[in-house]
Amino acid sequence: MLTALSGHALLRAAFDADTFRVDGGTMLARLATNLEAALRGTSFAVLPLRDPAEMHARWQVDFSDDAPRTTRTPSQILDALTTRMLADATQLHHAGFVGHQVAPPLPLAALCDLTADMLNNGMAVYEMGQPGTAMELHVIRWMCDTLGLGHTAGGVLTSGGTLATLTALLAMRQARAGWDVWSDGNANQAVPAVLVSEQAHYCADRAVRIMGWGAGGLVKVPVDDRFRMRIDGLAPALARATADGRQVLGVVASACSTATGAFDELEPIADFCEAHGLWMHVDGAHGAALAVSGKYRDVLRGIGRADSVIWDAHKMLLQPALITAVLFKDQRHSAGAFSQDASYLLDTAHDDAWYDLASRTFECTKRTMSFKLYATLAAYGPALLDAYVTRVVDLAASFAALLREQADFELAVDPQCNIVCFRYRPAGPLLDDPSCDALQAAVRKAVILRGHFYPVQTRLRGALWLRTTLMGPFTTIDDLARLLDEIRLGGRALRK
Ligand SMILES: Cc1ncc(COP(=O)(O)O)c(C=O)c1O
């Protein structure tokens, strides 16, 4: 109970190091127990789904100076909240988490975030984040080298793939528009556009609209039967946009796409960009991580020729969100997004400002994102990430093979990474639903409510498909066979 304390004593108690030590120990013990249970995958629901209004009411709270603080200590309240939080949360370490592309965080990386949060070194200016800045530059170097972007490459860490895409496309505009957009704006010029596959993540669309290019700023290129950008669709799209009066600045390639994990063919896209003087941007938010896999990196052939790449470490590099790299083949462009005159970075090796990351990013105050990935690489080496990425992509191939053997399931496309889309197609109608869309939605809900799996869904070729992203480092093919059985169970329940 702290209500009797004066303001100053309250502050002293809130910053008491011994209390922090004890509370931290209690919290870590709970997190470790939760991790064990989640990895065992049996004791609780992956996603304890509740109606949003019910959840909102469940977390109704009294922030006033009355109860419950009058009857319990802050430590007790924190512990109770942690327990409730763990009970209500989506469990990403659970073997049945096959939902969205968010990493089951490496424990070591989560601990680094705690340290980063406690230090709260803002990184807006170098003096406010010296070790974070140094680590960030080393992490960025490792990422550039891993993708083969060359020795002039560089970039910055920022808060998520969506913001990273906007950062990269701002730099593209500044570099390729032919006038000083930073100073003069868009006035009295042809409106720019980029070419992008029909399957690209919406972050490209959002970036284009934020830049004021409107819906027409995104020129869609059709995809082939594997959901990859059609290379022979690029020239007609460029011609169409040009005829519409657009100034096409670049091509956004997906490596990979969100819905099906399709990798656009980067070599021919790079050739096309080179031939037409266009900027090549690669959305590698999810799939750039395949570069760490000795077995699968070939799918990214050509990425080293990109002008810019984004790469989310909170997807396939086992990091807690958010940590995204925006990488540039020529690191001078990294400052170009936010300044017309990037010349002060021209000679980065000798320039006074090479350590000042604020000029490269939206953020002023920025979390020390680098520590966790730096520590991951320092402690385990890239071998850990290779083992993880290779394992989940292998598992997707096995899952696809399993699906192909099932008469009552249909595979959307052979997976190129750890994303697998499929449909449940039992013989005989289960619902008054010729398209089978309602059936997919119903069985998905039924599966989630059973608690053992969390699949998601997506629309492909005009129909609804079940979608799994195999994120669990220990999920097995037997787990996935059980997922199919649970889908069948859900389907059977609809027959009654
Ligand atoms: C291909 C792709 N690009 C960009 C994003 C956006 O990244 P973020 O969620 O970090 O903003 C996603 C997210 O799923 C994605 O799959």
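Residues numbered from 1 in each chain as written. Predicted model: local features only at pLDDT ≥ 70, side-chain atom pairs only at ≥ 80, totals over all residues. Heavy atoms only, no water.

Comments concerning the pattern of salt bridges
- On inspection of all chains with the given rule, the structure shows 28 salt bridges.
- Among the salt bridges present, the one from D88 reaches R58, with a minimum N-O distance of 2.5 Å. Highlighted residues: D88 in helix α4 (residues 74-88) and R58 in helix α3 (residues 52-58), separated in sequence by 30 residues.
- By relative accessible area, R58 is classed as partly exposed at 31%.
- The shortest N-O distance in the salt bridge between R367 and D117 comes to 2.4 Å. (Salt bridge = Lys/Arg side-chain N within 4 Å of Asp/Glu carboxyl O. Helix = DSSP H or I, 4+ residues; strand = E, 2+ residues; numbered from the N terminus. Buried < 20%, exposed > 50% of the residue type's maximum accessible area, 1.4 Å probe, protein only.)

Structural notes on helix α7 (residues 161-176)
- With 16 residues, α7 should cover 22 Å at 1.5 Å per step; its first-to-last C-alpha distance of 22 Å lies within 8% of that length.
- Summarising burial for α7: 12 of the 16 residues are buried, a large majority. (Expected span 1.5 Å × (residues − 1).)

Side note on the site of the ligand
- In the vicinity of the ligand, 13 residues are found, and the nearest of them are G161, T162, T258, D283 and D312.
- Measuring from an oxygen atom of the ligand, one finds a side-chain N or O atom of T258 at 2.8 Å.
- Within the side chain of D283, one N or O atom sits 2.6 Å away from a nitrogen atom of the ligand.
- Out of a free accessible area of 390 Å², the ligand has 83% covered by protein chains. (Near = heavy atom within 4 Å. Polar contact = N/O pair within 3.5 Å; in protein donor to acceptor, adjacent residues only side chain to side chain. Areas by Shrake-Rupley, 256 points an atom, 1.4 Å probe, with all protein chains shown as cover.)

Things to note about the sheet that holds strand β2 (residues 192-197)
- Across the sheet, which stays open at both edges, the seven strands sit in the order β1-β7-β6-β5-β4-β2-β3 with mixed pairing between neighbours. The outermost strands of the open sheet, each flanked by one partner alone, are β1 (154-158) and β3 (218-221). Here the strands of the sheet are splayed against their neighbours by 20° on average, with no regard to which way each runs.
- Where strand β4 (residues 247-254) meets strand β5 (residues 279-283), five bridges bridge the pair, whose relative direction is parallel. Counterpart to V251 in the pairing with β5 is M280. (Pairing = 2+ DSSP bridges. Axes fitted to C-alpha atoms, helices over the stretch in contact; angles between N-to-C directions.)

Looking at the environment of P192
- Relative to the assigned elements, P192 resides in strand β2.
- Of the residues examined, P192 reaches a relative accessible area of 2% and is grouped as buried.
- Along the sequence, P192 and F362 sit 170 residues apart, while their C-alpha atoms lie 22 Å from each other.
- If we ignore the near neighbours within four places in the chain, the residues touching P192 are W179, W213, G217, R246, Q247 and L249. (Contact = heavy atoms within 4.5 Å.)

What about the packing of helix α15 (residues 382-405) against helix α17 (residues 477-495)?
- As a packed pair, α15 and α17 sit with axes 10 Å apart at the nearest point and diverge in direction by 40°. Relative to α17, α15 is oriented oblique. Note on packing geometry: the crossing formed by α15 with α17 is right-handed. Contacts between α15 and α17 involve L395, S398, F399, L402 and L403 on the former and, on the latter, I477, L480, A481, L483 and L484. (Parallel < 35°, antiparallel > 145°, perpendicular 65-115°, else oblique. Left-handed = near helix turned anticlockwise from the far one by under 90°.)

Details of the nonpolar core
- L195, W311, L317 and L327 are the most contacted members of the largest nonpolar core, which has 80 residues in total.
- Top contributing element to this core by residue count: helix α6 (residues 130-147), with six residues.
- In terms of nonpolar packing, the next biggest core, distinct from the first, is built from 27 residues, L166, V196, A207 and L357 among them. (Core = buried A, V, L, I, M, F, W, Y, C linked by side-chain atoms within 4.5 Å.)

Some thoughts on the pairing of strand β10 (residues 456-460)
- Of the two faces of β10, only one is covered, namely that formed by V456, T458 and L460; the face formed by Q457 and R459 stays uncovered.
- Relative to strand β11 (residues 463-469), β10 runs antiparallel, the two being bridged by five bridges. Bridging across to β11, V456 finds its partner in R467.
- The antiparallel hairpin formed by β10 and β11 contains two residues in its connecting segment, where R461 sits at a positive phi of about 45°.

Some words on the sheet that holds β10
- With antiparallel pairing, four strands are arranged side by side in an open sheet as β8-β9-β11-β10. Two strands bound the open sheet, and with one partner strand each, they are β8 (409-411) and β10. Strand-to-strand twist across the sheet, computed as the mean angle between neighbouring axes with direction ignored, equals 40°.
- As judged from the three bridges shared by β8 and strand β9 (residues 419-424), these two strands associate in the antiparallel manner. Residue pairing for β9: L411 is matched across the bridge by F422.
- Sheet contacts for helix α16 (residues 437-450): β9, β10 and β11; angle to β11, the most-contacted strand, approximately 35°.
- Sitting on the sheet, α17 touches β8, β9 and β11, and the angle it makes with β9 is about 30°.

Re the packing of aromatic side chains
- Taken as a whole and assessed by the stated rule, the structure comprises nine aromatic pairs.
- The interplanar angle of 85° and the centroid separation of 6.5 Å between the aromatic rings of W182 and F338 together place this pair among those described as edge-to-face. Note that W182 is positioned in helix α8 (residues 181-184) and F338 in the loop between α13 (332-336) and α14 (370-380), a separation of 156 residues in sequence.
- In this structure W182 comes out as partly exposed when scored by relative accessible area, which is 47%.
- Ring geometry for F409 and Y424: centres 5.1 Å apart, planes at 35°, overall tilted. Taken as a pair, F409 in strand β8 and Y424 in strand β9 lie far apart in primary sequence, 15 residues in all.
- Given a relative accessible area of 6%, F409 falls into the buried group.
- Each member of the aromatic cluster is reached from another via a ring pair, and the members are F399, F409, F422 and Y424.
- The lysine or arginine in question, R84, covers the ring of W59, its NZ or CZ lying 4.2 Å from the ring centre.
- If you follow R423 out to its NZ or CZ, it ends over the ring of W465, 5.3 Å from the centre. (Phe/Tyr/Trp six-rings, centres within 6.5 Å; stacked < 30°, edge-to-face > 60°. Lys NZ or Arg CZ within 6 Å of the ring centre and 35° of its normal.)

Overview of the pairing of strand β6 (residues 308-312)
- Within β6, five of the five residues are buried, which leaves the element mostly enclosed by the surrounding structure.
- Side chains S308, I310 and D312 project from β6 onto one buried face, and the interleaved V309 and W311 project onto a second face that is buried too.
- Bridge count between β5 and β6: three bridges; the pairing is parallel. The residue bridging D283 from the neighbouring strand is I310, located in β6.
- Looking at chain direction, β6 and strand β7 (residues 324-328) are connected through five bridges and run antiparallel. Bridge pairing links V309 to L327 in β7.

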